[in-house]
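So you can see what is in the structure, the chains are spelled out below.
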Amino acid sequence: MQLNLFDASALKGKRVLLRVDCNVPLDNSGHVSDDTRIRAHIPTIQALLQEGAQIALASHLGRPKGKIVPKYSLKPLIAPLENLLQKKILFCETCLGEKVEEAMQKRSGDEVVLLENLRFHPGEEANDPSFAKALAAPFDVFVMDAFSASHRAHASTEGITAFLPSYAGFLLAREADFLSQVRDHPKKPFLLILGGAKVSDKIGVIENLLEKVDTILIGGGMAFTFFAAQGFPVGASLCERDKISFVQEMMLKAREKGVEIILPRDILAGTTPEAKSKEMLSPESIPDHLMGLDIGPETAKEFASKISQASTVLWNGPMGVFENPLFAEGTKAVALALAEVTSKRGATTVVGGGDSASAINAFHLAQEVTHVSTGGGASLEFFEGKILPGIAPFMKTETI
Ligand code: ADP
Ligand code: MG
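Summarised in this report is the structure supplied together with it. (Residues numbered from 1 in each chain as written. Chains lettered and ligands numbered in written order. Predicted model: local features only at pLDDT ≥ 70, side-chain atom pairs only at ≥ 80, totals over all residues. Heavy atoms only, no water.)

### Regarding the overall build of the chain
Scanning the chain for helices and strands turns up 14 helices and 15 strands. When the backbone C-alpha atoms are referred to their principal axes, the chain occupies close to 70 × 50 × 40 Å. Counting the 400 residues in the chain, one finds 56% classified as buried. Considering only intrachain contacts with a sequence separation of at least 6, the fraction spanning at least 24 residues in the chain is 73%. Accessible surface, the chain as shown: approximately 17,000 Å² in total, 50% of it carbon and sulfur. Across the chain, the 41 positively charged side chains and the 48 negatively charged ones have centroids separated by 2 Å. (Helix = DSSP H or I, 4+ residues; strand = E, 2+ residues; numbered from the N terminus. Buried < 20%, exposed > 50% of the residue type's maximum accessible area, 1.4 Å probe, protein only. Contact = heavy atoms within 4.5 Å. Areas by Shrake-Rupley, 256 points an atom, 1.4 Å probe, with all protein chains shown as cover. Lys, Arg positive; Asp, Glu negative; His and termini not counted. Charge placed at Lys NZ, Arg CZ, Asp CG, Glu CD.)

### Digging into the site of ligand 1
Surrounding ligand 1, one finds 19 residues, the nearest of these being Lys202, Gly292, Glu323, Asp355 and Ser356. Contact distances for ligand 1 include 3.3 Å between an oxygen atom and a backbone N or O atom of Gly354. Contacts to ligand 1 include Asp355, whose backbone N or O atom sits 2.8 Å from an oxygen atom. Across the complex, the protein chains shield 84% of the 580 Å² of accessible surface that ligand 1 would expose by itself. Put simply, the parts of the chain that give the shell around ligand 1 at least two residues each are strand S12 (291–295) and helix H13 (354–362). (Near = heavy atom within 4 Å. Polar contact = N/O pair within 3.5 Å; in protein donor to acceptor, adjacent residues only side chain to side chain.)

### Topic: the pattern of salt bridges
For the structure shown, the criterion picks out 16 salt bridges. Two residues, Lys188 and Asp214, come together in a salt bridge whose shortest N-O distance is 3.3 Å. Here Asp214 lies in the loop between helix H8 (203–209) and strand S8 (215–218) and Lys188 lies in the loop between helix H7 (170–184) and strand S7 (190–194), a separation of 26 residues in the sequence. For Lys188, a relative accessible area of 46% corresponds to the partly exposed category. We note a salt bridge from Lys344 to Glu340, for which the minimum N-O separation is 3.3 Å. Taken together, the residues span about one helical turn, with Lys344 and Glu340 both in helix H12 (residues 329–345) at a distance of four residues. Glu340 gets classed as partly exposed once you look at its relative accessible area, which sits at 43%. Here the residues in one salt-bridge network are Glu381, Glu384 and Lys386, joined through shared partners. (Salt bridge = Lys/Arg side-chain N within 4 Å of Asp/Glu carboxyl O.)

### Re the packing of helix H2 (residues 42–50) against helix H3 (residues 78–85)
Contact geometry of H2 with H3 gives a least axis separation of 11 Å together with a crossing angle of 65°. Crossing of H2 over H3 shows right-handed handedness. Across from Ile42, Ile45 and Gln46 in H2, the residues of H3 making contact are Leu81, Leu84 and Leu85. When grouped by side-chain class, the residues that make up the contact of H2 with H3 number five nonpolar, one polar and no charged. (Axes fitted to C-alpha atoms, helices over the stretch in contact; angles between N-to-C directions. Left-handed = near helix turned anticlockwise from the far one by under 90°. Nonpolar A, V, L, I, M, F, W, Y, C, P; charged D, E, K, R; others polar.)

### Topic: the sheet that holds strand S4 (residues 112–115)
Strand order in the open sheet formed by six strands is S3-S4-S2-S1-S5-S6, with parallel pairing between adjacent strands. Two strands bound the open sheet, and with one partner strand each, they are strand S3 (89–92) and strand S6 (166–168). Averaged over all pairs of adjacent strands, the angle between strand axes in this sheet comes to 25°, irrespective of strand direction. Two strands pair when backbone bridges link them, and strand S1 (residues 15–19) and strand S5 (residues 141–144) are joined in this way by four bridges, in the parallel orientation. Pairing of Val16 across the sheet is with Val141, part of S5. Each of strand S2 (54–58), S3 and S4 touches H3; the most contacted strand, S3, lies at about 155° to it. The sheet strands contacting helix H4 (residues 98–106) are S1, S2, S3 and S4, and the helix crosses S3 at an angle near 165°. (Pairing = 2+ DSSP bridges.)

### Section: the sheet that holds strand S13 (residues 312–316)
If you trace the six strands from one edge of the open sheet to the other, you get S9-S8-S7-S13-S14-S15, paired in parallel fashion. In the strand order of this sheet, the two ends are held by strand S9 (260–262) and strand S15 (371–372), each with one partner. Direction of pairing for S7 relative to S8: parallel, over a ladder of four bridges. When the sheet's bridge partners are listed, Leu194 is paired in S8 with Ile218. Across the sheet, helix H11 (residues 297–308) is in contact with S7, S8, S9 and S13; its angle to S8 comes to roughly 155°. Its contacts with the sheet put H12 on S7, S13 and strand S14 (348–352), and the angle it makes with S13 is roughly 155°.

### Side note on the packing of aromatic side chains
Aromatic rings in a pair are described by how distant their centres are and how their planes are angled relative to each other. Under the criterion given, the structure shown has four aromatic pairs. Here the aromatic rings of Phe382 and Phe383 are separated by 6.1 Å at their centres, their planes lie at 80°, and the arrangement is edge-to-face. By relative accessible area, Phe382 is classed as buried at 1%. Over the aromatic face of Phe382 sits the side chain of Arg183, whose NZ or CZ is 4.0 Å from the ring centroid. (Phe/Tyr/Trp six-rings, centres within 6.5 Å; stacked < 30°, edge-to-face > 60°. Lys NZ or Arg CZ within 6 Å of the ring centre and 35° of its normal.)

### Here we look at H3
All of the buried residues in H3 are Pro80, Leu81 and Leu85. With its buried residues spanning 115° around the axis, H3 presents them on a single face. Exposed residues lying more than 90 degrees from the buried face of H3 are Ala79 and Asn83. If you follow the buried residues of H3, they end up packed against helix H1 (36–39), H2, S2, S3 and S4. (Arc of directions from axis to C-beta.)

### What about the side chain of Asp266?
Relative to the helices and strands, Asp266 is located in the loop between S9 and strand S10 (267–270). Buried charge without a salt bridge: Asp266, with Arg265 as the nearest opposite-charge side chain at an N-O distance of 6.1 Å. Among all residues touching Asp266, those that are not within four sequence positions of it are Met280, Leu281, Pro283, Ile295, Gly296, Pro297, Glu298 and Thr299.

This is the structure we're talking about:
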């Protein structure tokens, strides 16, 4: 999917409002504890600065719900932005009105203006046209780079495009390109790896991709709803009884379409997700007091072998409770197999989902796969086949 990208050379001296997603985690003392989301926008910011655009950054942080809540101020972003860009940041206490106009006049050279949290105003999430118009007023051009907010039709992601010439930034374009390659034009064999907590979070993705994949590997908490659907006792494992009939229908549909579904053949179990010891079990016989918390070593081997034969791999959802090192091995084995098939076979490997991205980052393997999406909810909705409201305005007509 090709998006209408900004042409930096045409933006010299122009005032550009750049929507980023710097909704970063803060530690107890209010400092940014993980700057991954900020880093993802640096290439777009730098390209605009190089051509002499006058930039203001707009973002949300947390859920202040339309009110000014000081703990959700964007001030903590000043230091990491200055550090990553090696430029001065001029902070503006609001994202609207005269103060923004003043800040844009006051800025000099390649100083970057950072506007205060968009969500301090109710008009942002309500996608109020008068708010979007006011947000647009001090600017000549809008550039949208916040892929991870693109599933929300908010004033700063969608509404504003009615009031300014609008273009996609590098990150938004890159996400749309890689995710659509996998979703719309996967090279076969196409393997889908699903894990994570719940079947219910991934129903839309399963329904959409069942039409396209050759094989699905199922791990994580969701595997136990599949075992329950086959009548196995799942002990204290995560299990969504109300999704059993969906799972049964899905298994039938997969069989009709010739899609292979592979469930774990061995399981690592413990008494709680924080357990300090583990037991290896067959999935047919999980006792009442234990919960399945990771795929076992035989499953990890089988999954790795399947991954090694694929040309396209989409991975969404960890294979176990990887936050506990005792139950991280399955997730790590899958991450390593993805890295290997990328380098050895030239496969396209894409990781979607917030926790899956954290896992592959924690294993230092994010650079070894084709693409790790920065959008948790946005990538899920993309794989459900939806046209995201924050992407639609930038799609070239032939791709709609
Ligand atoms: P993503 O954010 O990548 O889409 P999810 O949010 O669906 O992934 O799931 C991630 C969570 O699933 C992790 O916090 C992990 O601890 C949990 N999880 C994985 N396997 C299990 C399991 N067997 N039992 C309980 N929780 C699990
Ligand atoms: Mg998650």
